Amino acid sequence: MTHIPENLKYTSDSEWVETRNGGKVRVGITDFAQSKLGDIVFVQLCAVGDRFEAGESFGSVESVKSVTDVYAPVTGEVTARNDRLSDEP
């Protein structure tokens, strides 16, 4: 059975957004998207300080099957990123 957290908002492109304190948000891709990609081998991350408009590509995920863009679900500035993805995509 699939667990779908109720505190997240989802896009049609399989990204999710979690609203945090202070007007910040946390963004990721859904488990469904990850399972469709297969084994993920590389994640291209944007830089802290980069600004994006909603709908704009802000990174990509490369799997053994394909490379997929990840789109900003909201307009804003990157204040932190998960650098562990460089070693553990």
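Quick note: structure is the one above.
Fair warning: this is a prediction, and the values are worked out from it, not measured in the lab.

Draft legend 1. Geometry of the sheet that holds strand S1 (residues 8–10). Strand order in the open sheet made by the 3 strands is S1-S2-S3, with antiparallel pairing throughout. The open sheet has two edge strands, S1 and strand S3 (25–29), and neither has a second partner. Geometrically, the sheet is characterised by an average inter-axis angle of 25 degrees between neighbouring strands, direction not taken into account. The pairing of S1 with strand S2 (residues 15–19) spans 3 bridges and is classified as antiparallel. Within the sheet, the bridge partner assigned to Tyr10 lies in S2 and is Trp16.

Quick notes on the rules
- Residues numbered from 1 in each chain as written.
- Predicted model: local features only at pLDDT ≥ 70, side-chain atom pairs only at ≥ 80, totals over all residues.
- Heavy atoms only, no water.
- Pairing = 2+ DSSP bridges.
- Helix = DSSP H or I, 4+ residues; strand = E, 2+ residues; numbered from the N terminus.
- Axes fitted to C-alpha atoms, helices over the stretch in contact; angles between N-to-C directions.

Everything listed here is a matter of geometry and, on its own, says nothing about what the molecule does.
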